[in-house]
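What follows is the residue order along each chain.
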Amino acid sequence: MSDTHQGGAVATSAPPSVDEGLSSAALAAKYGLSVSGARPGLLEYVRDLWSRRHFILAFSSAKLTAQYSQAKLGQVWQVATPLLNALVYYLIFGLILGAGRGMTEDVYIPFLVTGIFVFTFTQSSVMAGVRAISGNLGLVRALHFPRATLPISFSLQQLQQLLFSMIVLVAVAIAFGSYPSLRWLLLVPALFLQFVFNTGLAMIVARMGAKTPDLAQLMPFIMRTWMYASGVMFSISAMLADKPAWIADVLMYNPAAVYMDLIRYSLIDGYGAENLPSHVWMTALGWAVVFGIGGFVYFWKAEERYGRG
């Protein structure tokens with residue numbers, strides 16, 4: 001420290017700080033500081049998500065309970081809605097347009113109901129995922145947590161809803177002559193692979209919807225087109241028998257059609273392996289791995305940007 005006397009005044013100068021000359025990054029490293037809201041490493045992010053697994057399950061269950069809380073019939077609508085859709089599609093496509101060509105009524109009706117229930121699982125996961133961030137900005141901005149918990153919770157909510165609806169789906173299969181067998185055990189891996197695929201896709205559209213909220217308005221048209229292209233109401237191979245083979249192959253190998261066909265094969269006695277594309281299990285696994293891992297990484301890369309701007 002030095003003293004300077006001028007006109008009776010005393011001025012002092014402090015010694016140079018030991019931090020003088022250090023960059024912002026160096027200062028942060030020295031004192032253990034980190035950027036608020038910065039994206040964690042991928043492994044750290046996975047561990048953080050795992051530590052919140054109980055919250056994810058509780059949040060999805062609460063959302064499912066609240067979904068129909070204002071309706072008098074409550075959660076009966078979880079089953080009634082896809083059944084009513086099945087009835088409408090049967091009247092239009094089954095009776096009027098003859099979309100069940102190549103199948104008896106005992107096969108076509110559970111074929112149709114299964115397709116609607118299973119596609120609704122994917123459709124609802126995507127529709128919930130696209131609003132996962134943009135529709136929960138208050139929560140995202142108020143609390144610090146891995147944002148992937150939101151699309152994962154919404155996908156888990158749709159899985160719980162499907163499992164509840166499976167009671168009716170099984171009843172329909174039995175009513176039309178498809179009785180429980182060892183083949184029904186294939187439902188477990190098929191639904192698991194579809195859940196992984198749905199979750200990855202939900203995380204992709206969640207990131208896109210966070211940046212472009214208008215995507216939620218466009219998504220119903222995209223999903224409706226996907227539904228008509230996936231053979232929900234008809235057999236793709238039978239309907240396109242007179243068309244170039246590559247068209248049917250493209251439609252049969254799309255993920256929605258793959259998972260629907262696996263579950264139909266598991267449940268319906270009259271729907272044999274000849275209706276499935278080649279290497280169907282490897283295809284189902286491939287879609288789940290690509291979208292499950294790819295969607296997670298894609299969502300994680302924008303972690304620090306959610307809720308800002």
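Positions within a chain are numbered from 1, following the residues in the order the chain's sequence is written. Selection of residues for local features in this predicted model requires a pLDDT of at least 70, selection of side-chain atom pairs for listing and counting requires 80 or more, and totals for whole chains, interfaces and linings are taken over all residues. Each side-chain value is worked out from all heavy atoms of the structure, with water and hydrogens disregarded.

Draft legend 1. Fine view of the environment of glutamine 161. Numbered from the N terminus, helices here are DSSP runs of H or I no shorter than four residues, and strands are runs of E no shorter than two. Its place among the elements puts glutamine 161 in helix H7 (residues 149-175). Each residue's exposure class comes from its accessible area (1.4 Å probe, protein chains only) as a fraction of the maximum for that residue type: buried when under 20%, exposed when over 50%, partly exposed otherwise. Classification of glutamine 161 by relative accessible area gives buried; the value is 10%. Along the backbone, glutamine 161 and serine 61 are 100 residues apart, and their C-alpha atoms lie at a distance of 9.6 Å.

Draft legend 2. Structural detail: the side chain of aspartate 261. Structurally, the position occupied by aspartate 261 is in helix H12 (residues 255-267). For aspartate 261, a relative accessible area of 6% corresponds to the buried category. Whether two residues are in contact is decided by their heavy atoms, any of which lying within 4.5 Å being enough. Those residues within four positions of aspartate 261 in sequence are excluded, and the remaining contacts are Tyr271, Asn275, Leu276 and Pro277.

Draft legend 3. Spatial organisation of helix H9 (residues 215-229). What a helix should span is 1.5 Å times the count of its residues minus one. Counted at 1.5 Å a residue, the expected span for H9 with its 15 residues is 21 Å, and the 21 Å between its end C-alpha atoms agrees. Remark: glycine 231 follows H9 within two positions and exhibits a positive phi of approximately 75°.

Draft legend 4. Representation of the packing of helix H8 (residues 187-211) against H12 in the model. Structural elements are reduced to axes, namely lines fitted to C-alpha atoms, with helices fitted over the stretch in contact, and the angle between N-to-C directions of any two is expressed from 0 to 180 degrees. Interaxial distance between H8 and H12 falls to 9 Å at its minimum, and their mutual angle equals 165°. Overall, the two elements H8 and H12 adopt an arrangement that is roughly antiparallel. Crossing of H8 over H12 shows left-handed handedness. Residue-level inspection shows Leu187, Ala190, Leu191, Leu193, Gln194 and Phe197 of H8 in contact with H12, the latter providing Pro255, Tyr259, Leu262, Ile263, Ser266 and Leu267. Every angle not falling under 35 degrees, over 145, or within 65 to 115 is termed oblique; those three ranges are roughly parallel, roughly antiparallel and roughly perpendicular. Crossings are assigned a handedness: left-handed for a near helix turned anticlockwise from the far helix by less than a right angle, right-handed for a clockwise turn.

Draft legend 5. How the structure looks around the packing of aromatic side chains. Working definition: a ring pair exists when centres of Phe, Tyr or Trp rings (six-membered ring for Trp) sit within 6.5 Å. Plane angles under 30 degrees give stacked, over 60 give edge-to-face, the rest tilted. Tallied over the full model, the rule gives 12 aromatic pairs. Taking 5.8 Å as the distance between ring centres and 45° as the angle between the ring planes, the aromatic pair formed by tyrosine 45 and phenylalanine 296 counts as tilted. Taken together, the residues span a long stretch of sequence, with tyrosine 45 in helix H2 (residues 42-51) and phenylalanine 296 in helix H13 (residues 280-300) at a distance of 251 residues. Judged by its relative accessible area of 1%, tyrosine 45 is buried. Summarising the aromatic geometry, the rings of phenylalanine 197 and tryptophan 226 are spaced 6.5 Å apart at their centres and angled 70° between planes, so their arrangement reads as edge-to-face. On the criterion of sequence distance, the pair formed by phenylalanine 197 in helix H8 and tryptophan 226 in helix H9 is long-range, its members being 29 residues apart. Among the aromatic side chains, those forming a connected cluster through ring pairs are Phe119, Phe197, Trp226, Tyr259, Trp287 and Phe291.

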